[in-house]
Amino acid sequence: MGAVEQILLGTGLLTFSALVHIGAIAFSIPCFPKLAGMFDATRWPRLQPVALLLFGVFVLVSAHTLQIWTWSVVFLWITDLPNLVTSFYFATVTYTTLGYGDIVLGPDARIVATFCAITGLLTFGISTAFLIGVLSRVLPDVFEGDE
């Protein structure tokens, strides 16, 4: 695969991943008030924030997992990686930008792999911002009665 094709494929996958991640967050936002309403804050003051944070983390983990699976299927398709397990491992290590270096792609897929790393950086940043937003809404309510 040539450089232009790799850039186009990587750009498409990055765009898809961003849409998955932002879509998961956007669709989860209306669920937070409903979930908060399921827990009586006076009866279980610590359970409500835990449930909200767990839900937020679940949404993010699900979005990251879907993206990593997508990247691993693409790597299996465009490279000579031997199986889906190896491809999933490579996609995860690249997406998280750990880059162990024990698996190295040939020139036909290197540019695509850099887009995978960029995707991980972008979506982990979005995830961090989202969790901070959730915490900023949840924690003031938790510590309100401690003054």
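Note: the structure precedes this text.
This section reports on the structure supplied with the text.

Right, let's get into the packing of aromatic side chains. Summed over the entire model, instances satisfying the criterion amount to six aromatic pairs. Consider the rings of Phe32 and Phe55, whose centres lie 5.1 Å apart with planes at 70 degrees: the pair is edge-to-face. Of this pair, Phe32 sits in helix H2 (residues 31–37) while Phe55 sits in helix H3 (residues 47–78), and the two are 23 residues apart along the sequence. The buried category is assigned to Phe32, whose relative accessible area is 12%. Judged by its relative accessible area of 23%, Phe55 is partly exposed. Ring geometry for Phe75 versus Phe90: centroids 5.1 Å apart, planes at 85 degrees, classification edge-to-face. Within this pair, whereas Phe75 is found in helix H3, its partner Phe90 is found in helix H4 (residues 84–95), the two being separated by 15 residues in sequence. Residue Phe75 shares its accessibility class with Phe90, and that shared class is buried. Taken together, the aromatic side chains of Phe32, Phe55 and Phe130 make up a single cluster linked through ring pairs.

How each quantity is defined
- Numbering of residues starts from 1 in every chain and runs along the sequence as written.
- Only residues with pLDDT of 70 or above have their local features reported here, since the model is predicted, and side-chain atom pairs are shown and tallied only from 80 upward, although totals for entire chains, interfaces and linings are computed over all residues.
- No hydrogens and no water enter the side-chain calculation; it runs on all heavy atoms of the structure.
- For Phe, Tyr and Trp, where Trp contributes only its six-membered ring, two rings pair if their centres lie within 6.5 Å, and the inter-plane angle classes them as stacked under 30 degrees, edge-to-face over 60, or tilted in between.
- For helices the rule is a DSSP run of H or I covering at least 4 residues; for strands it is a run of E covering at least 2, with both sets numbered from the N terminus onward.
- The cut-offs for exposure are 20% and 50% of the maximum accessible area for each residue type, with area from a 1.4 Å probe on protein chains only; residues under the lower value are buried, those over the upper are exposed, and the others partly exposed.

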